Amino acid sequence: MRTLPASLVGLSLALLSPALPAAGKAKVPPAPTAADAHAFVEKMNAEYKAQYLAANAAEWVAETYITGDTEMLTARANEAMLKWLSVKIDESRRFDHVADIDPKDRRALDLLKLQTAMPAPKDPAHLTEATNLASKLTAAYGSGKYCKDDKDPASCRTLDQLSEVLATDRDWDHALDAWSGWHHVGRGMLKDYQRFAELLNEGARDLGYDNVGTMWRAGYDMSPAEFAKETDRLWGQVQPLYGQLQCYTRNKLAEKYGERMPKDGTIPAHITGNMWAQDWANLYPLLQPYPGVGNLDVNEHLDAQRKAGLDAQRKAFKGKPTPLDLAALEHDADMKSAVAMVRRSEDFYTSLGFPPLPSSFYDKSMLLRPRDRDALCHASAWPMDLGSTDMRIKMCIKPTEEDQYTIYHEMGHIYYYVAYKDIPPIFQGGANDGFHEAIGDTIRLNITPAYLAQIGLAGKAGSDDKAVLNAQMKLALEKVAFLPFGLLIDKWRWGVFDGSIAPDKYNEGWWQLRRKYQGLSSPVAATPADFDPGAKNHVPTNVPYMRYFLADILQFQFYRSLCDAAGYKGPLSQCSIYGNKEAGAKYWKMLSQGAQQPWQQTLKELTGKEEMDASAIIDYFAPLYAWLQEQNKGKSCGWE
Ligand code: X8Z
Ligand code: ZN
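Only a predicted model underlies this, so the values are computations on that prediction, with no experimental measurement involved.

Visitor: How should I be thinking about the site of ligand 1 in this particular structure?
Guide: Lining the immediate surroundings of ligand 1 are Gln278, His378, Ala379, His409, Glu410, His413, Glu437, Phe482, Lys536, His538, Tyr545 and Tyr548. Note that an oxygen atom of ligand 1 is positioned 2.9 Å from one of the side-chain N or O atoms of His538. Here an oxygen atom of ligand 1 sits 2.5 Å away from a polar atom, N or O, in the side chain of Tyr545. A total of 370 Å² of accessible area belongs to ligand 1 in isolation, and the protein chains cover 82% of it. With three residues, the single largest contributor to the shell around ligand 1 is helix H15 (residues 401–419). Across the shell around ligand 1, the residue classes tally to four nonpolar, five polar and three charged.

In structure tokens:
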């Protein structure tokens with residue numbers, strides 16, 4: 001399909017029009033009015049729905065069934081959508097200086113310019129190239145594997161398998177092998193990513209921004225410069241807490257690994273229990289303040305439940321199962337376990353008064369890694385068709401605590417989609433993108449030790465100081481450890497896009513930021529071919545990341561306000577709003593607003609304050625912070 005720029009369409013029609021005077025001065029078209037703007041927004045919203053549906057369907061198939069064919073089909077669908085968007089943005093410029101436009105229409109026109117993280121170059125060949133690269137990078141990440149022996153497919157391991165090594169095996173060399181193996185996946189992306197960044201910058205400039213980073217920062221109802229300052233301010237609030245956690249963790253790891261630890265105060269990236277060192281919860285057994293106090297081993301419970309399911313099916317099987325039968329039984333048990341985990345999460349949301357999900361959600365979601373094809377397993381949530389109830393998640397669920405919490409996260413996206421599905425498509429988004437990421441995480445904060453015990457995922461919860469500190473440590477390894485990671489990914493990309501990190505310094509710049517903010521170092525000496533950012537989903541798939549940093553802070557603000565709304569009076573960390581309809585109604589009201597008003601207003605309606613503010617996360621972890629300071633006394637903290 002070829003779409004003509006609107007200005008050309010208008011011209012050709014005008015030239016053909018018999019109503020035009022045959023000679024003399026051409027009539028000046030009447031100046032656009034507020035009513036024209038309104039009509040434009042209505043039409044744009046209607047078209048948006050159709051565009052979105054087609055592009056989304058192609059992308060869903062491309063990510064759940066990675067082949068050269070689906071890669072090409074989604075590139076073309078994305079290209080068509082971006083072309084449409086670019087035409088609409090151009091057309092909308094005629095309203096830039098029209099006064100008295102309805103504020104809702106003005107907001108719609110402003111949001112239109114921020115609908116994609118992938119600004120389309122106007123040059124058609126460059127647009128094709130950019131969409132091809134986007135699909136190629138996504139497919140490369142999704143199908144990435146580490147093969148010990150390139151000639152032997154049986155030696156290949158997927159990201160889930162390599163992540164499991166990091167999560168469960170504390171052996172330095174095993175972890176190093178899994179970590180390095182996965183990071184090789186980034187290597188092949190270096191040249192493509194460099195070109196991709198160039199093309200996107202061209203698109204951003206075509207839209208009037210100096211580069212893609214500025215455009216990404218323009219989506220927060222404040223200037224891009226103010227937003228950058230805001231992220232630094234928030235980081236300043238939480239940095240001391242992170243510093244204490246890093247110090248304690250580093251010293252514990254040094255007790256374990258001794259001489260192999262670097263001497264500069266950093267933590268090597270491969271021994272935190274997570275491929276990107278963004279979540280350290282798997283180190284909890286090593287770091288718990290009071291070993292054995294409070295039973296927080298959710299993994300054990302989930303695993304036992306899956307095993308019980310499998311055993312029951314084996315017993316029910318008539319005759320002697322063949323290896324093929326056994327594989328089918330295993331698959332069945334995986335599916336039952338995954339569905340139970342999703343249902344458990346849905347139950348929390350419905351307890352707040354949210355509606356149950358339609359059966360299509362369970363029929364159409366991808367909940368397990370497909371056995372017969374490559375798929376992008378990184379979890380995501382999809383509104384397939386704006387305005388309908390076809391919502392899905394795509395995830396490769398394992399019976400682990402981490403995946404259970406990721407499901408709560410994804411369900412937050414799903415319920416946001418459900419809550420705002422009837423408002424105009426252009427407003428169907430988070431108040432800002434940090435809100436979208438914070439919805440499910442806020443719910444996850446309600447999964448307290450007492451609630452876990454109540455739903456049979458942990459032993460009886462203790463409420464003495466020791467049990468509370470253990471629980472705080474566990475959560476801090478998720479939420480506090482994440483903060484600098486959440487911040488630095490886009491510090492890196494902003495640098496890539498504004499040119500301050502040159503292509504030959506991509507990897508070096510990445511590790512400088514990892515060191516500066518996380519106090520982390522690479523366990524291997526880098527080569528010029530390395531491109532470690534490519535080993536993190538959001539870089540090849542081009543998803544902006546500052547949203548997760550914001551969400552990490554916002555979720556504690558939301559949680560505090562919802563606990564207030566529920567009338568909760570005790571220590572914040574033990575609050576659970578499970579079953580509370582008042583808190584639920586307040587939350588739903590926020591979700592159903594979508595992006596109709598500046599996020600500051602939405603935040604104020606929920607929390608009484610217009611600012612993002614880390615005081616909630618700081619207050620939450622106050623007991624742990626004091627404890628960490630005590631432990632770290634006399635120890636060497638900080639890094640070079
Ligand atoms: O990507 C995600 C979600 C999907 S929006 C699973 N998260 C970030 C990540 O995994 O890097 C959630 C936490 C941070
Ligand atoms: Zn998310």
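Visitor: I would appreciate a short explanation of the coordination of the zinc ion (ligand 2) in the present structure.
Guide: Metal coordination angles have textbook ideals: 109.5 degrees for a tetrahedral set of four donors and 90 or 180 degrees for an octahedral set of six. Listed as protein donors to the zinc ion (ligand 2) are His409 (NE2), His413 (NE2) and Glu437 (OE); their distances from the metal cover 2.0 Å. In this structure, the zinc ion (ligand 2) is surrounded by four donor atoms whose angles at the metal cover 91 to 127 degrees, and the resulting shape is tetrahedral. Read from N- to C-terminus, the donor residues coordinating the zinc ion (ligand 2) fall into the pattern H-x3-H-x23-E. With His409 in helix H15 and Glu437 in helix H16 (residues 433–445), this pair connects stretches of sequence that are 28 residues apart. Taken individually, His409 and Glu437 each receive the classification buried, so the pair is uniform in this respect.

Visitor: Looking at this structure, how should I read the environment of Ile414?
Guide: Here Ile414 is to be found in helix H15. For the pair Ile414 and Leu357, spaced 57 residues apart in sequence, the C-alpha separation works out to 9.1 Å.

Visitor: Please clarify how the packing of aromatic side chains should be interpreted in this entry.
Guide: Tallying each qualifying case throughout the model produces 42 aromatic pairs. Judged by centre distance (5.4 Å) and plane angle (50 degrees), the ring pair of Phe40 and Phe95 falls under tilted. Taken together, the residues span a long stretch of sequence, with Phe40 in helix H2 (residues 34–64) and Phe95 in the loop between helix H3 (68–92) and helix H4 (103–112) at a distance of 55 residues. Classification of Phe40 by relative accessible area gives buried; the value is 6%. Connected via pairs of aromatic rings, a cluster forms that spans Tyr193, Phe196, Trp492, Tyr506, Trp510 and Phe531. Of note, Arg217 hangs over the ring of Trp494, and the distance from its end group to the ring centre comes to 4.6 Å. Here the basic side chain of Lys474 rests over the ring of Tyr284, its NZ or CZ set 5.5 Å away from the ring centre.

Visitor: Teacher, can you tell me more about the pattern of salt bridges here?
Guide: Oppositely charged side chains are able to pair whenever their charged atoms sit close together. Tallying each qualifying case throughout the model produces 42 salt bridges. With a shortest N-O distance of 2.9 Å, Arg392 and Asp390 are connected by a salt bridge. Neither Arg392 nor Asp390 differs from the other in exposure class; each is buried. Between Glu478 and Arg444 there is a salt bridge, and its shortest N-O distance comes to 2.8 Å. Placement of Glu478 in helix H18 (residues 465–498) and of Arg444 in helix H16 is noted, with a sequence separation of 34 residues between them. The two residues Glu478 and Arg444 agree in class, both being buried. A single network of salt bridges, built from pairs that share partners, joins Lys43, Glu47, Lys88 and Glu91.

Visitor: Would you explain the UniProt feature "active site" (unreviewed entry) in the protein in this entry?
Guide: Following the UniProt record, one finds the feature "active site" (unreviewed entry) at Glu410 and His538. Take Glu410: it is sitting in helix H15. Residue classification places Glu410 among the buried positions, given a relative accessible area of 5%. Beyond its immediate stretch of four places on either side in the chain, Glu410 contacts Ala379, Ser380, Ala381, Ile393 and Met395. A polar contact is formed between the side chain of Glu410 and the backbone nitrogen of Ala381, at a distance of 3.2 Å. For His538, the location among the structural elements is in the loop between strand S6 (520–521) and helix H20 (546–565). Assessed through its relative accessible area of 3%, His538 is described here as buried. With residues up to four places along the chain from it excluded, the contact list for His538 reads His378, Arg493, Val543, Tyr545 and Tyr548. Here Asn537 takes part through its side chain, which lies 3.3 Å from a polar atom of the side chain of His538.

Quick notes on the rules
- Residues numbered from 1 in each chain as written.
- Chains lettered and ligands numbered in written order.
- Predicted model: local features only at pLDDT ≥ 70, side-chain atom pairs only at ≥ 80, totals over all residues.
- Heavy atoms only, no water.
- Near = heavy atom within 4 Å.
- Polar contact = N/O pair within 3.5 Å; in protein donor to acceptor, adjacent residues only side chain to side chain.
- Areas by Shrake-Rupley, 256 points an atom, 1.4 Å probe, with all protein chains shown as cover.
- Helix = DSSP H or I, 4+ residues; strand = E, 2+ residues; numbered from the N terminus.
- Nonpolar A, V, L, I, M, F, W, Y, C, P; charged D, E, K, R; others polar.
- Donors = N, O, S within 2.8 Å, 3.2 Å for Na, K, Ca; no water.
- Tetrahedral: all angles 85-135°; square planar, octahedral: opposite > 155°, others 65-115°.
- Buried < 20%, exposed > 50% of the residue type's maximum accessible area, 1.4 Å probe, protein only.
- Phe/Tyr/Trp six-rings, centres within 6.5 Å; stacked < 30°, edge-to-face > 60°.
- Lys NZ or Arg CZ within 6 Å of the ring centre and 35° of its normal.
- Salt bridge = Lys/Arg side-chain N within 4 Å of Asp/Glu carboxyl O.
- UniProt positions renumbered as here; feature names shortened; annotations may be inferred.
- Contact = heavy atoms within 4.5 Å.

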